[in-house]
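# Descriptive analysis of the structure
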Amino acid sequence: QVQLVESGGGLVQTGGSLRLSCVASGIIFSDHTMRWYRQAPGKQRELVAQVTSGGGTNYGDSVKGRFTISRDNAKNTVYLQMSSLKPEDTAVYYCNTLHLRPGGFVNLWGQGTQITVSS
C-alpha cells in the first residue's frame, strides 16, 4: 500500500519537547522530498518544514531554531523534533510528499496527529 503513518503526538507543557515520526510505505522513500504541515482550528494549513532527497532542509519562519526535520532512509521514516514548544504550536500535524503515479503527481498525506501545548 502507498501510505504515510504518523505517530508521536500528544500533550506537552509550554517549553517542552516532542518528536513526531512518519513511516512511508509503497514508495521509493529516498527519492522523495518529505514535508510536515500543520493546521490549527480556523487557520489555513501551514508548511512547517521539509527535507529533500539530498538532505537539504527548509523551515517556516515560526519554527526556525526550535524544530528540526530529519530522515532515515533505511527506515523509510521522516522525523520532526519539536523543542521549546509554545501554545501557538497547537495544531494537527501532517506528513506529506508529492508522489508521481501513472497520470501525474498526487499529494500523499498522513492521517494527522494532534499536538496540544498547554500554557
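Our subject in this report is the structure included herewith. Remember, it's a predicted structure, so these values are computed and weren't measured experimentally. (Residues numbered from 1 in each chain as written. Predicted model: local features only at pLDDT ≥ 70, side-chain atom pairs only at ≥ 80, totals over all residues. Heavy atoms only, no water.)

It is worth spelling out unusual backbone geometry at this point. Positive phi, close to 50°, is recorded for N76, a residue that is not glycine. Summarising the element assignment, N76 is placed in the loop between strand 7 (67–72) and strand 8 (77–82). You can call N76 partly exposed: its relative accessible area is 26%. Positioned with a positive phi, S84 is a non-glycine residue whose angle comes to about 50°. (Helix = DSSP H or I, 4+ residues; strand = E, 2+ residues; numbered from the N terminus. Buried < 20%, exposed > 50% of the residue type's maximum accessible area, 1.4 Å probe, protein only.)

A few words now on the sheet that holds strand 8. The strand order across the open sheet built from four strands is 1-3-8-7, with neighbouring strands paired in antiparallel fashion. For this open sheet the edge positions go to strand 1 (3–7) and strand 7, each flanked by a neighbour on one side alone. For this sheet, the mean inter-axis angle between neighbouring strands, taken without regard to orientation, is 15°. Pairing of strand 1 with strand 3 (residues 18–25), which is carried by five bridges, proceeds in the antiparallel orientation. Note on strand 3: the bridge partner recorded for S7 is S21. (Pairing = 2+ DSSP bridges. Axes fitted to C-alpha atoms, helices over the stretch in contact; angles between N-to-C directions.)

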